[in-house]
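# Descriptive analysis of the structure
So the chains spell out like this:
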Amino acid sequence: MRSSEEYLASLRDGRRVYYRGRRVEDVTTHPHLRKGAGVCALDFQLAHERADDPTFVVQDPQTGRRYSRYFHVPRGPDDLLRRRDLIETVTREARSFVPLIKEIGTDALFALQIVCARMDRELGTSFLPRVRAFYERCRDGDLAMAVAQTDVKGDRGRRPSEQPHPDLYVRCVRETSDGIVVRGAKAHTTNAVYSNEILVLPTRAMTERDAAYAVAFAVPADTPGLSFVASPRGFGATSPFDNPLSSRYGITESLTVFDDVFVPWERVFLCGQWAYAGPLAKTFVEFHRFTAISYKTPLLELLVGSAAWMAEAQGIAAAGHVRDKLARLVMYAETVRGLTTAAAVEGRTVEGIFVPHVVLTNAAKYYFARGYHDAVRDVQDIAGGLVVTGPAEEDRNNPEVWGLIEPYLQGRAGTSGEARLRMMNLIRDLAASDLGGYLEVLAIHAEGSLEAQKLTVLMDYDLERVQRLAARAGGLEA
Ligand SMILES: Cc1cc2nc3c(=O)[nH]c(=O)nc-3n(C[C@H](O)[C@H](O)[C@H](O)COP(=O)(O)OP(=O)(O)OC[C@H]3O[C@@H](n4cnc5c(N)ncnc54)[C@H](O)[C@@H]3O)c2cc1C
């Protein structure tokens, strides 16, 4: 397994990254991008520090080889629960920032193994051995992976082949004896700029006319023709006092552009088999939304914890409306976590791989996303206006100014002005800052928007069964 230093060194490979209009030579030292690199490196550091903890490291009983738990193919509920614990622990260590450089990649690798097994059996293709070889390469090399699934999509009401421009979904433009050439762009790719491998999956079901768009493949991040335009949103802050989270930690999404990128056949996992694009997209999100709900808890704990701290510090903890809000926040956080546990326990085995319960996973993701803004409102309400009107780090550092204002910032006896202001700053960073806005949009859209979860739930839930039960109860059946 790689050390954090080895991992960071692997990102200095000449990859083509742009940030605010300029080419970035090294994402690990760039003043803005290095924050996200640090969160990803922490994942490697923790695996080394906790090498004897089975939540972090798995030992293959046959070969004796040790590898990161992220790569462990789930075979039952315990594996999914361990995976949840790993994601949760690392995210908590990074103060609610999830690295997402092995989580999403392994979600994709599990889904590819399931769908390619079926495809090879039904079509006589031989994709599964390629997927397995690639999976072993990533596992044994302890590689960082991003998944580029979301296409830019143009007109959302039209299929890929009906778009006003032919490249609004990533497509295969040419096949050669050695591989394929792909063109297009994928949107919002999380931490691709910190990854070694970029896995590409279709974003939706396709028809025969969309066959060129039914592609799945993997390319190294420094592949010729591949560019990343990194987003500056959410993490512009520089003061650890004013922005205790967004000044230190980061996540970076990119528009990932494939400008006639060559992919050798051994890295192509779907090419033209249009009927399998939908199942692949869906199977991926069955794992991916489980990852999503696994990393939400540490963020929700910070919202509940900061609100409870502020209620105590400001002498309002016993007030009925505050207890009502705190109880709602606790139930919100624990329901998301409880549904995550239930989704792991009640999963099912498909092609030998244990898949999280689809309805419970989507219900958890929906419940989280639907409730997030309400939770933020309750935290803002309990904290008060100082969240956005407080003084700056420079005021804190000037004894003259600080001496003048500190007494007026204190809370109830025992809560200094400094402590209260620090907690206000945490709340602002979480709920009323550039990062706060980013987190609200992330809650809604990342891992699929609200409607995607409803669609999946209705697709997977056995409505006929409950209709039969209702018919029996209503005396409609003999
Ligand atoms: C922070 C963040 C991180 C992300 N990370 C990744 C990543 O690592 N990899 C990746 O591949 N993707 C990633 N995503 C993408 C995410 O999955 C998408 O944002 C999400 O699926 C919504 O797609 P969109 O942004 O194109 O919005 P849209 O799909 O345009 O959604 C906007 C609205 O249009 C509606 N809509 C869309 N199509 C239709 C339709 N046909 N009919 C009716 N209504 C429709 C939606 O329901 C929604 O209300 C990330 C997104 C965010 C915000």
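Scroll up for the structure.
This section reports on the structure supplied with the text. Predicted, not measured: the structure shown is a model, and the values here were computed from it.

## Some thoughts on the packing of aromatic side chains
Throughout the structure, instances matching the rule amount to eleven aromatic pairs. For the pair Tyr332 and Tyr367, a centre-to-centre distance of 5.9 Å together with 55° between the ring planes defines the contact as tilted. Of this pair, Tyr332 sits in helix α7 (residues 320-345) while Tyr367 sits in helix α8 (residues 358-383), and the two are 35 residues apart along the sequence. Given a relative accessible area of 34%, Tyr367 falls into the partly exposed group. One aromatic cluster in this structure is built from Phe97, Phe235, Tyr249 and Tyr438.

## A short note on the site of the ligand
Taken together, 19 residues are adjacent to the ligand, and Val147, Gln149, Thr150, Arg156 and Thr190 come closest. A distance of 2.7 Å separates an oxygen atom of the ligand from a polar backbone atom of Gln149. Contact distances for the ligand include 2.7 Å between a nitrogen atom and a side-chain N or O atom of Thr150. The protein chains hide 65% of the 960 Å² of surface that the ligand would expose on its own. Contributions of two or more residues to the shell around the ligand are made by β5 (145-148), β7 (179-190) and α13 (434-445). For the shell around the ligand, the element with the most residues is β7, which contributes four residues. Considered class by class, the residues forming the shell around the ligand number six nonpolar, eight polar and five charged.

## A look at the pattern of salt bridges
Pairing between side chains of opposite charge can happen when the charged atoms of each approach one another. Counted by the stated rule, this structure contains 33 salt bridges. Between Asp79 and Arg69 there is a salt bridge, with its nearest N and O atoms 3.9 Å apart. Here Asp79, found in helix α3 (residues 77-93), pairs with Arg69, found in the loop between β4 (66-68) and α3; they are ten residues apart in sequence, far enough to count as distant. Residue Glu418 pairs with Arg396 through a salt bridge whose shortest N-O separation is 2.5 Å. Placement of Glu418 in helix α12 (residues 417-431) and of Arg396 in helix α10 (residues 393-397) is noted, with a sequence separation of 22 residues between them. On the basis of relative accessibility, which here comes to 17%, the residue Glu418 falls in the buried class. Residue Arg396 is classed as partly exposed on the basis of its relative accessible area of 24%. What you see here is one network of salt bridges that share partners, running through Asp324, Arg328, Asp374, Arg377 and Asp378.

Criteria and thresholds
- Residues numbered from 1 in each chain as written.
- Predicted model: local features only at pLDDT ≥ 70, side-chain atom pairs only at ≥ 80, totals over all residues.
- Heavy atoms only, no water.
- Phe/Tyr/Trp six-rings, centres within 6.5 Å; stacked < 30°, edge-to-face > 60°.
- Helix = DSSP H or I, 4+ residues; strand = E, 2+ residues; numbered from the N terminus.
- Buried < 20%, exposed > 50% of the residue type's maximum accessible area, 1.4 Å probe, protein only.
- Near = heavy atom within 4 Å.
- Polar contact = N/O pair within 3.5 Å; in protein donor to acceptor, adjacent residues only side chain to side chain.
- Areas by Shrake-Rupley, 256 points an atom, 1.4 Å probe, with all protein chains shown as cover.
- Nonpolar A, V, L, I, M, F, W, Y, C, P; charged D, E, K, R; others polar.
- Salt bridge = Lys/Arg side-chain N within 4 Å of Asp/Glu carboxyl O.

Any functional reading would require information beyond the geometric quantities listed.
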